[in-house]
Amino acid sequence: MPELPEVETIARGVDKRIRGDRIVQVWFSRHSQPFKTPRARQIKGLSGRAILAVQRTGKHIVFELGPSESKPDALTSCAQWIVHLGMTGRLLVTSPEDPVATHTHARLLLESGRELRFVDPRRFGRLEFRDLHCEAAFGAPGDEPLTIGEREFAALFHGRRLSIKAALLNQRLLAGVGNIYADESIFHAGIRPQRRANRLTRLELERLRVALREILTHAIRLGGSSVSDYVDADGERGFFQLEHCVYLRTGEPCRRCQTPIRRVVLAGRGTHYCPKCQH
Ligand SMILES: [Zn+2]
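Attention here is on the structure that accompanies the text. (Residues numbered from 1 in each chain as written. Predicted model: local features only at pLDDT ≥ 70, side-chain atom pairs only at ≥ 80, totals over all residues. Heavy atoms only, no water.)

Across all of its chains, the model carries 16 salt bridges by this definition. With its nearest N and O atoms 2.8 Å apart, the salt bridge here joins E144 to R56. In this pair, E144 is assigned in the loop between strand 8 (126-131) and helix 3 (150-156) and R56 in strand 2 (residues 49-57), connecting sequence segments 88 residues apart. A salt bridge links E204 to R195, with the nearest nitrogen and oxygen atoms 2.8 Å apart. Its relative accessible area of 12% is what places E204 among the buried residues. (Salt bridge = Lys/Arg side-chain N within 4 Å of Asp/Glu carboxyl O. Helix = DSSP H or I, 4+ residues; strand = E, 2+ residues; numbered from the N terminus. Buried < 20%, exposed > 50% of the residue type's maximum accessible area, 1.4 Å probe, protein only.)

Pairing is antiparallel in the open sheet, where 4 strands are placed in the order 2-3-4-8. Looking along the sheet, the strands with just one partner apiece sit at the ends: strand 2 and strand 8. Neighbour-to-neighbour, the strand axes of this sheet turn through a mean angle of 20°, independent of strand direction. For strand 4 (residues 79-84) and strand 8, the ladder comprises 6 bridges, and the chain directions are antiparallel. Looking at the pairing, A79 lines up with D131 of strand 8. Contacts from helix 1 (residues 4-18) reach strand 2 and strand 3 (60-68) within the one sheet, and its direction differs from that of strand 2 by about 160°. (Pairing = 2+ DSSP bridges. Axes fitted to C-alpha atoms, helices over the stretch in contact; angles between N-to-C directions. Contact = heavy atoms within 4.5 Å.)

Such coordinate-based values are descriptive only and should not be taken to indicate function.
Given below as structure tokens:
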């Protein structure tokens, strides 16, 4: 499942390719699952809109759209198309002649002659349209891990009796952090993932905040160099794998101290840690 760095990479890649373009025609598949807003309303809402920008909010990709038809240079977004990739969703920038993959649920023909496609075999992805004249702009439920400050970060965990691993995965606290980056950041902060969030010291929480930001930023930088693999139709699928320190390394030696990495289940998720480096 794509996590924050992958979604950020995809959003940047799509933005680079289609910002300033215009949606001239929309085709949607007959499956109902991907359409959080009814299909007909989305088609009507999207048609003719200028694409002002594409950006990531939490784990969602948000297309900021201008008014239909007029003013291609409008700066203020008045509608949004919100894409959640789910487990297997992909956004591809193609040309209309490119073969259409099975499980294609959306095809947006653009004025430039290119086509934006949403492909999702398992159909956990979601497409939503918001008209900002009558609906609120999309906001991810949790705080943004790349920009959250020290005090706000510490406040998130105040009074939380669940494990720090479970707290990091809670999307209402922090948006976009999944299993890989939770395990890796907890390792780099030197904290046992089982520890209760409310028992961590201010210093430990600050180490965690900085580790999380650095790991996510590093992953975005690496993903950015292979952005073509994500969004171009001829690219090969493959989320960039970091050189993980603990994630999925059960029994292998810790990269710091050679102690075998252990695995426990927390919040229903496999959790990997070094029993010597993490306290
Ligand atoms: Zn170790």
